[in-house]
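Listed here are the chains, written in short residue letters.
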Amino acid sequence: YECPAAVTSVALHPNQTELISGDQNGNVRVWDLQANGCMQEIVPDGDVPIRSVAVASDASMVVAGNNSAKVFAWQPSAGEYIPKSLTETRHDGYL
(Lines give C-alpha, C1' and ligand atoms only; values in the text may rest on other atoms or scores of the structure.)
Protein backbone atom coordinates (compact mmCIF):
# COMPACT_ATOMS: atom_id res chain seq x y z
CA TYR A 1 0.00 0.00 0.00
CA GLU A 2 1.37 3.38 -0.95
CA CYS A 3 0.61 6.75 0.56
CA PRO A 4 1.81 10.11 -0.79
CA ALA A 5 3.10 11.03 2.69
CA ALA A 6 4.92 9.28 5.52
CA VAL A 7 2.62 7.00 7.52
CA THR A 8 2.68 7.90 11.22
CA SER A 9 0.24 5.37 12.68
CA VAL A 10 -1.51 2.13 11.71
CA ALA A 11 -4.28 0.12 13.40
CA LEU A 12 -5.73 -3.22 12.35
CA HIS A 13 -9.53 -3.29 12.40
CA PRO A 14 -10.97 -6.09 14.58
CA ASN A 15 -12.56 -7.66 11.48
CA GLN A 16 -8.98 -8.35 10.26
CA THR A 17 -9.90 -7.22 6.73
CA GLU A 18 -9.32 -3.48 7.12
CA LEU A 19 -6.36 -1.37 8.13
CA ILE A 20 -6.63 2.24 9.29
CA SER A 21 -3.63 4.52 8.73
CA GLY A 22 -2.79 8.12 9.57
CA ASP A 23 -0.17 10.15 7.74
CA GLN A 24 1.99 13.26 7.75
CA ASN A 25 -0.42 15.06 5.36
CA GLY A 26 -3.35 14.79 7.79
CA ASN A 27 -5.14 11.91 6.08
CA VAL A 28 -6.79 8.94 7.74
CA ARG A 29 -7.19 6.11 5.25
CA VAL A 30 -9.19 2.90 5.47
CA TRP A 31 -7.50 0.11 3.52
CA ASP A 32 -9.32 -3.00 2.31
CA LEU A 33 -6.88 -5.86 2.80
CA GLN A 34 -8.87 -8.22 0.57
CA ALA A 35 -9.20 -5.79 -2.36
CA ASN A 36 -5.64 -4.47 -1.79
CA GLY A 37 -6.61 -0.81 -1.96
CA CYS A 38 -7.79 2.31 -0.20
CA MET A 39 -11.55 2.25 0.30
CA GLN A 40 -11.88 5.65 1.98
CA GLU A 41 -9.86 8.74 2.82
CA ILE A 42 -10.82 11.10 5.63
CA VAL A 43 -9.15 14.47 6.25
CA PRO A 44 -10.39 15.60 9.68
CA ASP A 45 -8.30 18.80 10.07
CA GLY A 46 -6.74 19.81 6.77
CA ASP A 47 -3.03 19.15 6.38
CA VAL A 48 -2.26 18.84 10.11
CA PRO A 49 -0.29 15.58 10.54
CA ILE A 50 -2.04 12.64 12.20
CA ARG A 51 0.00 11.26 15.11
CA SER A 52 -2.08 8.26 16.12
CA VAL A 53 -5.07 6.15 15.08
CA ALA A 54 -6.91 3.46 17.03
CA VAL A 55 -9.96 1.24 16.64
CA ALA A 56 -12.09 0.03 19.56
CA SER A 57 -11.93 -3.74 20.07
CA ASP A 58 -15.66 -4.00 19.28
CA ALA A 59 -15.18 -1.77 16.18
CA SER A 60 -17.70 0.72 17.53
CA MET A 61 -15.36 3.71 17.31
CA VAL A 62 -12.32 4.96 15.43
CA VAL A 63 -10.19 7.75 16.88
CA ALA A 64 -7.34 9.84 15.51
CA GLY A 65 -5.11 12.44 17.16
CA ASN A 66 -3.11 15.09 15.34
CA ASN A 67 -0.22 17.52 15.85
CA SER A 68 -2.61 20.35 16.80
CA ALA A 69 -3.53 18.44 19.98
CA LYS A 70 -6.97 17.59 18.60
CA VAL A 71 -8.66 14.22 18.97
CA PHE A 72 -11.29 13.13 16.44
CA ALA A 73 -13.70 10.27 17.05
CA TRP A 74 -16.34 8.75 14.82
CA GLN A 75 -18.46 5.65 14.60
CA PRO A 76 -18.19 3.50 11.47
CA SER A 77 -21.57 2.74 9.94
CA ALA A 78 -22.17 -0.40 7.86
CA GLY A 79 -18.55 -0.58 6.74
CA GLU A 80 -18.36 3.11 5.83
CA TYR A 81 -16.25 5.54 7.82
CA ILE A 82 -18.43 8.61 7.70
CA PRO A 83 -17.58 11.07 10.47
CA LYS A 84 -21.14 11.14 11.75
CA SER A 85 -20.79 11.98 15.39
CA LEU A 86 -17.42 13.66 14.92
CA THR A 87 -16.22 15.33 18.10
CA GLU A 88 -13.20 17.49 18.73
CA THR A 89 -11.31 17.95 21.98
CA ARG A 90 -8.18 20.02 22.38
CA HIS A 91 -5.44 19.17 24.87
CA ASP A 92 -2.75 21.52 26.15
CA GLY A 93 0.06 19.00 25.78
CA TYR A 94 0.97 15.49 24.78
CA LEU A 95 -1.16 12.62 26.02
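Residues numbered from 1 in each chain as written. Predicted model: local features only at pLDDT ≥ 70, side-chain atom pairs only at ≥ 80, totals over all residues. Heavy atoms only, no water.

**Details of the side chain of N27**
Its location among the elements puts N27 in the loop between strand 2 (18-23) and strand 3 (28-32). Its relative accessible area of 8% is what places N27 among the buried residues. Excluding anything up to four places from it in sequence, N27 contacts S21, G22, E41, I42, V43 and I50. (Helix = DSSP H or I, 4+ residues; strand = E, 2+ residues; numbered from the N terminus. Buried < 20%, exposed > 50% of the residue type's maximum accessible area, 1.4 Å probe, protein only. Contact = heavy atoms within 4.5 Å.)

**A few points about the pairing of strand 2**
Taken residue by residue, a regular strand's side chains alternate between the two faces of the sheet. Counting buried residues along strand 2, six of its six residues qualify, which places the element largely inside the surrounding structure. A two-sided burial pattern is seen for strand 2, the buried positions comprising E18, I20 and G22 on one face and L19, S21 and D23 on the other. As judged from the five bridges shared by strand 1 (residues 7-12) and strand 2, these two strands associate in the antiparallel manner. The residue bridging V10 from the neighbouring strand is S21, located in strand 2. (Pairing = 2+ DSSP bridges.)

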